[in-house]
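# Residue-level structure breakdown
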Amino acid sequence: MQNKYFSQAEEIANLGSWEIDLISNSVSWSEQFFKICGYKPNEVIPSIELSMAMVHADDKEISEYVFRQTVQFGNDYKIEKRIVRPDGTIRYVYSQAIVDKDMSGKPVRLKGVFFDITERKEAEEANRQKDERYHNILNSILEGLQIIDFDYRYVYLNPAAIVQSRYTEDKIIGRTMPELYPGIEKSGLFTMLKRCMKERSIEYIENEFTFPDNSTGWFELRIQPSVEGLFILSIDVTERKKAEENRLKAEKRYRALIENSSEGITLLDKDFKILYRSPSTYRITGWTSDERSNQVQLQEMHPEDVPELHSIMKEILKIPSKSIISTFRVKNKNGNYIWLEALLTNMLEDKSVEAIVMNFRDVSERKAGEEKIKYLNDGLEQKVIERTAQLEAVNKELESFSYSVSHDLRAPLRAIDGYAGMIEEDYEKLFDDEGKRLLGNIQQNAKKMSNLIDDLLAFSRLGKKVLQRKELDMNELVEGVLIDIDKSVTHHAKLEVAKLRPIMGDYSLIHQVLMNLISNAVKYSSKKENPVVSITSKKENNEIIYSITDNGVGFDMKYAHKLFGVFQRLHTMDEFEGTGVGLAIVQRVITKHGGKIWANSQVGEGSVFSFSLPEK
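For every chain, the first residue of its written sequence is number 1, and the numbers climb from 1 along that sequence. This being a predicted model, a pLDDT of at least 70 is required before a residue's local features are given, and a value of 80 or more before pairs of side-chain atoms are given or counted; all residues contribute to the totals for chains, interfaces and linings. The side-chain quantities take in all heavy atoms of the structure and omit both hydrogens and water.

### Observations concerning the sheet that holds strand S7 (residues 154-157)
Formally: Two strands are counted as paired when DSSP detects at least two bridges linking them. In this description a helix means any DSSP run of H or I spanning at least four residues, a strand means any run of E spanning at least two, and both kinds are numbered starting from the N terminus. Geometry is summarised by axes, namely lines fitted to C-alpha atoms with helices restricted to the contacting stretch, and by angles between N-to-C directions that run from 0 to 180 degrees. Whether two residues are in contact is decided by their heavy atoms: any pair within 4.5 Å suffices.
Across the sheet, five strands lie side by side as S7-S6-S10-S9-S8; this open sheet has antiparallel pairing. With one partner strand each, in any of the chains shown, S7 and strand S8 (203-210) form the two edges of the open sheet. Within this sheet the neighbouring strands show an average axis-to-axis angle of 25 degrees, counted without direction. Here S8 pairs with strand S9 (residues 216-225) via eight bridges, running antiparallel. Directly across from glutamate 206, in S9, lies its bridge partner glutamate 220. Along the sheet, helix H9 (residues 188-199) makes contact with strand S6 (144-149), S8, S9 and strand S10 (229-236), crossing S8 at roughly 150 degrees.

Here is the structure:
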């Protein structure tokens, strides 16, 4: 009967009993022990080896160690471990035994109990996972969460709160607020904490907190009682406070700009009723905001400008952010119309504005100036027409003059030259040497006069010639010039021509330029024993510069300003022939091409004549 009750008690308590005879190594298990291990009584023979074989692999080493310590030294046998049932299920068990010893103190028998604690362990694991889940949730919250006990000691802080505290977790947990933040007990925040702690009340505060390094931060705090003491939810709003402060500063700054601007600023609704007028509007129009509030802007407009403004309104309302500049007249408080230039911008869809913004300024003086300029321009146009007519008349006179020079002056010259030739042919034998010399002078001067007429005509025609630009091969052009010079002049100069850069220009005019400059170089170096003339080019910035260099007689640079004038000569006719028109023609051609010409020289050392032409 006793065994029956004992078995029932084991079943109710879910524990089994076991015994090991260390002398004979015999093992006995109770019926409940078999059930806990997943065996039926008499299904297996209990043994130490079977007991160890049932232990989970991860717990086997510690189980064997505890058993050895008990068997060898008689230590208490207490262990919590896992066993694996035959069906593969795992059970948590707690085993405890007492040791019987012989007279010498040697362990001879173990008597123990075997508790199935699986349900308890599973409940503990579930609670652990639940706590871990809650802990992870708290740690993932962006707001700071902190718990302080009744001594104002930090019990828990989530990661966000630790960041806000400016400490690390190991430096803050377990320490009190006054220890970490000296002087906090004198603050209004601490007074509130004490009230919440005492009255177990809930408080909300937005507080600027000063840290030990004197830096500050703004926090929204919700304080409420908890079992441990106080629970505090903290949100760092420092950036928001800075943004609010910056916004207020910007608002004040923009208001100052608007209220002190010389331009008028008016806000209009979609019906063009006036919502706001800046102070400068009063200075421009004389109307105060009260006098024109809720008025329609068109009421002040000049009747002639209303249709155009209607059109602008329709266009500006179609497109958000559309801006249009308009000039119109409005009546000021004195009853006079003034001109305003306005920029209208559709900001109706901007929630912070919800208006059409009109920036304007008084341009009455400018408009009066424009009217005056228009009046003057009208008069100027008339004067230009008159001047043009005068110039056309002058040009006609010049053409008539050129015709006279070409025909009327040439006729007597041809007669003089012809009669001189006839006299020479018919009466040469009657003239002595002096007569022949005088007759030769007549013929020579007639020829010079004819050349001078040719040069003057060429110079006058340049002004009317239209440039026929094309790309010029300057080496090819110079080669033709040299052939022409060799045909017309007997010389012994050495001509050196480098590889010349091409240029865009009028072929005949540039040919004339090169002809004049190269023939001059040949002429003025002809009295040298070894005359040399070189032609080179180079690129400089966006121009091509051509240079004609000789080793001739040169000239004094203080007279260089006379070089390019008509009839200006630096040498006498006895020294070198010429009319004094050639360089004037050269300068006029180069200027017509948009270039420049200049010269450098030294008396007795030669000269360098250079001219530049645009690359394109």
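This is not the end of the story, as more comes after the structure.
### Brief notes about the confidence of the model for the chain
Definition in use: The pLDDT value tells you how sure the predictor is about a given residue, anywhere from 0 up to 100.
Residues of the chain with pLDDT of at least 70 account for 83%, and the chain-wide mean is 82. Per-element mean pLDDT across the chain ranges from 64 in helix H12 (residues 289-292) up to 93 in helix H8 (residues 177-180). Below pLDDT 50 for its whole length, residues 570-576 participates in 17 contacts with residues either more than four positions away or in separate chains.

### What to know about a negative patch on the surface
For clarity, the threshold we go by: Residues enter patches when their relative accessible area tops 30% and they take part in no salt bridge; the joining distance is 9 Å for like charges and 5 Å for the nonpolar side chains Val, Leu, Ile, Met, Phe, Trp and Tyr. Accessibility throughout is a Shrake-Rupley quantity obtained with a 1.4 Å probe, and a residue counts as covered only by protein chains that appear here. We define a salt bridge as a contact between a side-chain nitrogen of Lys or Arg and a carboxyl oxygen of Asp or Glu at a distance within 4 Å. Here Asp and Glu are counted as negative and Lys and Arg as positive; His is not counted, and neither are the chain ends. Taken as the charge centre is NZ of Lys, CZ of Arg, CG of Asp or CD of Glu, depending on the residue.
Side chains of Glu424, Glu425, Asp426 and Glu428 sit close together on the surface and give a patch of like negative charge. One can find glutamate 425 in helix H14 (residues 364-427).

### Notes on the environment of aspartate 213
Quick note on the threshold: Burial classification: accessible surface area is computed with a 1.4 Å probe over protein chains only, and a residue below 20% of its type maximum counts as buried, one above 50% as exposed, and the rest as partly exposed. For the purposes of these results, a polar contact is taken to be a pair of N or O atoms within 3.5 Å, where, inside protein, one atom must be able to donate a hydrogen and its partner to accept one; residues adjacent in sequence count only when each atom of the pair is a side-chain atom.
Within the secondary structure layout, aspartate 213 lies in the loop between S8 and S9. Relative accessible area serves as the criterion here: at 54%, aspartate 213 is assigned to the exposed category. Aspartate 213 sits 47 residues away from arginine 166 along the chain, and the two C-alpha atoms are 9.9 Å apart. Reaching out from aspartate 213, the side chain makes a polar contact with the side chain of serine 215 at a distance of 2.6 Å.

### Here's the deal with the side chain of aspartate 116
Mapped onto the fold, aspartate 116 is located in strand S5 (residues 107-116). Judged by its relative accessible area of 10%, aspartate 116 is buried. Engagement of the side chain of aspartate 116 in a polar contact is seen with the side chain of arginine 91, the distance being 2.9 Å. At a separation of 2.7 Å, a polar atom in the side chain of aspartate 116 contacts the side chain of threonine 118.

### Concerning the side chain of serine 537
Mapping serine 537 onto the fold places it in strand S19 (residues 532-540). Serine 537 gets classed as buried once you look at its relative accessible area, which sits at 19%. Here arginine 501 takes part through its backbone nitrogen, which lies 3.0 Å from a polar atom of the side chain of serine 537. Setting aside its immediate chain neighbours within four residues, serine 537 contacts Lys499, Leu500, Arg501, Ile544, Ile545 and Tyr546.

### A word on the packing of helix H16 (residues 474-488) against helix H17 (residues 507-524)
When two helices pack together, their arrangement is given by the angle between the helix axes and the distance between those axes. Spelled out, the test is: Comment on the angle field: the value is read as roughly parallel under 35 degrees, roughly antiparallel over 145, roughly perpendicular from 65 to 115, and oblique elsewhere. When the near helix sits turned anticlockwise from the far one by under a right angle, the crossing is termed left-handed; a clockwise turn instead gives a right-handed crossing. Note that Gly is not counted as nonpolar here; it falls among the polar residues with everything else outside the nonpolar set of Ala, Val, Leu, Ile, Met, Phe, Trp, Tyr, Cys and Pro and the charged set of Asp, Glu, Lys and Arg.
At their nearest, the axes of H16 and H17 sit 9 Å apart, and the two run at 55 degrees to each other. By the angle between their directions, the pair H16 and H17 is classed as oblique. In terms of crossing hand, the pair formed by H16 and H17 is right-handed. Contacts from Met474, Leu477, Val478, Gly480, Val481, Leu482, Asp484, Ile485 and Ser488 in H16 reach Tyr507, Ile510, His511, Leu514, Met515, Ile518 and Ser519 in H17. Here the residues of the contact of H16 with H17 sort into 11 nonpolar, four polar and one charged.

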